[in-house]
Amino acid sequence: MVVREKFEHELRGVQEQFLKLSNLAITTLNKSIDALLSHDVDAALSIIENDIHINRMEEEINDRVILLLAKQQPVATDLRRLIVLLKAAHDMERVGDYAVNIAKENIRIGKADFVSPIKNIEEMRSKTITMLTEVMKAFIEENIEDARKIAELDDQVDQLYGQTIQQLLKVGAENPQMLSQVTQLSFVCRYLERSADHATNIAEQLFYLVKGRHYELNN
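Here is a short report on the structure shown in this document. Model, not experiment: these values are computed from the prediction.

### Some words on unusual backbone geometry
No. 1: Backbone geometry places His39, a non-glycine residue, at a positive phi of 55°.
No. 2: Secondary-structure assignment places His39 in the loop between helix H1 (2-37) and helix H2 (41-72).
No. 3: One non-glycine residue with positive phi stands out, namely Glu142, at about 55°.
No. 4: Assignment of secondary structure puts Glu142 in the loop between helix H4 (119-141) and helix H5 (144-174).
No. 5: With a relative accessible area of 32%, Glu142 lands in the partly exposed category.

Written out as structure tokens, the structure is:
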């Protein structure tokens, strides 16, 4: 019993660290779009500089999980829970990376006016942040029904992405001198779309944790 209690205590510690990593990654992604919309280059630079914290948190989670695997040799649900934590932490670390990439595009755009309305980017941000927030809630509660809804939102983000890219390409064709910013905003859309995909990945991992088999939710 003592061994089991120690394992559960250490597992809770890793889970808590994962939640901190997730909250930081989601907040950073949100701030990266805020900085873009307000042309705040200083905020973008701060996002880039602070990315090291997210990277370190993922590394610490990896180290702690590997140590638990080596020391406790868990099986069944415990083993799945640790594997899922490793994968989900990587997904959230990637979200942090995309926030940094958006910040870099922000710096490249600078103070220049946007070449076209960016309402779609704001909507993509809203849906992506909702996906990431909701999948974390489902993850904590191990609620696969809520996780299933993530795929529906992912389809909406994909549709918005396609529409926005088409609009930007049209602007670029009509205004060749603005092609650079069109490219940068296209990358921003791509980073949001990929962040939404990582939310779906975590939802799929939750299904694996609860059901013990892999499901693809975005097909």
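### Considerations on the pattern of salt bridges
No. 1: Inspection of every chain in the model, using the stated rule, returns eleven salt bridges.
No. 2: Arg148 is the salt-bridge partner of Glu145, the closest N and O atoms lying 3.3 Å from each other. One end of the pair is Glu145 and the other is Arg148, both in helix H5 and three residues apart, which spans about a single turn.
No. 3: According to the relative accessible area criterion, Arg148 is partly exposed, its value standing at 39%.
No. 4: The salt bridge partner of Arg190 is Glu193, with a shortest N-O separation of 2.5 Å. Here the residue Arg190 and the residue Glu193 both occupy positions in helix H6 (residues 179-211), the gap between them amounting to three residues, near one helical turn.

### Focus: helix H3 (residues 76-109)
No. 1: Compared with an ideal rise of 1.5 Å per residue, which puts 34 residues at 50 Å, H3 spans 50 Å between its outermost C-alpha atoms and is within 8% of the ideal.
No. 2: Just downstream of H3 lies Gly110, where phi reads positive at about 65°.

### Observations concerning the nonpolar core
No. 1: Judged by nonpolar contacts, the single largest core of 61 residues is most densely connected at Phe18, Leu29, Met92 and Phe139.
No. 2: Broken down by element, the residue count for this core peaks at 14 residues, all from H6.
No. 3: Not counting the four nearest positions on each side in its chain, Leu29 is found in contact with Val95, Ala99, Ile102, Thr128, Ile129, Leu132, Leu192 and Ser195.

Rules used throughout
Residues numbered from 1 in each chain as written. Predicted model: local features only at pLDDT ≥ 70, side-chain atom pairs only at ≥ 80, totals over all residues. Heavy atoms only, no water. Helix = DSSP H or I, 4+ residues; strand = E, 2+ residues; numbered from the N terminus. Buried < 20%, exposed > 50% of the residue type's maximum accessible area, 1.4 Å probe, protein only. Salt bridge = Lys/Arg side-chain N within 4 Å of Asp/Glu carboxyl O. Expected span 1.5 Å × (residues − 1). Core = buried A, V, L, I, M, F, W, Y, C linked by side-chain atoms within 4.5 Å. Contact = heavy atoms within 4.5 Å.

The values are spatial; any link to function lies outside them.
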